[in-house]
Amino acid sequence: WAERLQRLNTVASTQEEAKLLAEKGAPEGTAVMAEEQTGGRGTRGRKWHSPKGKGIWMSVVLRPAIPLQSTPQLTLLAGVAVCSAIRKMTGVEAGIKWPNDLLARGRKLCGILLESSFGPGGLQYCIAGIGISANLSEEDYPIELREIATSLLIEGGMPVDRGELAKEVLRELKYHYGLYMDQGLEPIAHLWEEQSVTLGRRIGLKTPQGWLEGTAIGLGEDGGLLLREENGTVTSVCTGEIVLI
Ligand code: BTN
């Protein structure tokens, strides 16, 4: 997949570029990376700050033969892959916050946005969007993000070669994707648990039924986060944004 990386200059969002390629039949592992995004997107309709030449703003085409309800599992494997690549190439101690934010010292380093397209035959393709804040310094962040975001430069003290790191991410992604397709979620869940900063922590989460609080004890079979409440009840949480307490 690293051989198929296309580098673009300024785009609205690499998600749209990858979608266009996927619609034209681009094979699995096709990846686009931009120097700058003017309309970078985050989860929950948020914007993703993507300044020029500072980050890895990249989207990858996947064509998994899996049922619709399993697609959240792809975000777990993408988180594991990116975390492994960052640890290997930079030594920065990144950890995964459920489901797939990467943090260092409690601050966000990387986000992943998975978007799926369905047709009459089911899942057509998925686009895994990966945003790694590589060479941003504090001044590159707007004030409101400075306390909650970080970068590989801030954490590791030196700039990273974005092209090389992007290729390593693609190699890790290909490997973990293959592992998932061959053996299912179990080996991925195991790696995820090893790299997680969520397990063992008390967390809170807003659900349609109200505020839920408990200790994160592991991943369920479907990739949901298992939360044990004070009264012993274990609930599997599949979507939502958790708060580490
Ligand atoms: C998040 O909110 O945590 C997910 C952020 C995902 C950002 C990446 S950058 C490359 C790709 N293109 C986008 O517009 N978003 C994703």
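This text goes with the structure placed above it.
Residues numbered from 1 in each chain as written. Predicted model: local features only at pLDDT ≥ 70, side-chain atom pairs only at ≥ 80, totals over all residues.

1. Let's talk about the sheet that holds strand β10 (residues 225–228)
Note the threshold: Here, strands pair whenever DSSP counts at least two bridges between them. In this text, helices come from DSSP runs of H or I with a minimum length of four residues, and strands from runs of E with a minimum of two, each type numbered from the N-terminal end. Only C-alpha atoms enter the line fits that serve as axes; for helices the fit covers just the stretch in contact. Angles between N-to-C directions range over 0 to 180 degrees.
Strand order in the open sheet formed by five strands is β11-β10-β9-β8-β12, with antiparallel pairing between adjacent strands. Unpaired on one side and paired on the other, β11 (234–237) and β12 (242–244) mark the two borders of the sheet. In this sheet, adjacent strand axes meet at a mean angle of 45° when their direction is disregarded. In the sheet, strand β9 (residues 210–219) pairs with β10 via four bridges, with the strands oriented antiparallel.

2. Focus: the packing of helix α5 (residues 162–183) against helix α6 (residues 185–195)
Spelled out, the test is: By definition in this entry, angles of less than 35 degrees are roughly parallel, angles greater than 145 are roughly antiparallel, angles of 65 to 115 are roughly perpendicular, and the rest are oblique. The contact criterion used here is simple: two residues whose C-beta atoms, placed from the backbone, lie within 7 Å are in contact.
At a closest axis distance of 7 Å, the pairing of α5 and α6 adopts a crossing angle of 135°. Here α6 runs oblique to α5, going by the angle between their axes. Residue-level contacts link His-176, Leu-179, Tyr-180 and Gln-183 of α5 to Leu-185, Glu-186, Pro-187 and Ile-188 of α6.

3. Description of the site of the ligand
Put simply, the rule is: We call a residue near a molecule or strand when its C-beta atom, built from the backbone, sits within 6 Å of it. Note on residue categories: nonpolar means Ala, Val, Leu, Ile, Met, Phe, Trp, Tyr, Cys or Pro, charged means Asp, Glu, Lys or Arg, and polar means any other residue, Gly included.
Near the ligand, the surroundings consist of 20 residues, among which Ser-13, Gly-42, Gly-111, Gly-129 and Gly-131 are the closest. Contributions of two or more residues to the shell around the ligand are made by α1 (14–23), β3 (56–62), β6 (107–119) and β7 (122–132). Here the residues of the shell around the ligand are counted per class, giving six nonpolar, 11 polar and three charged.

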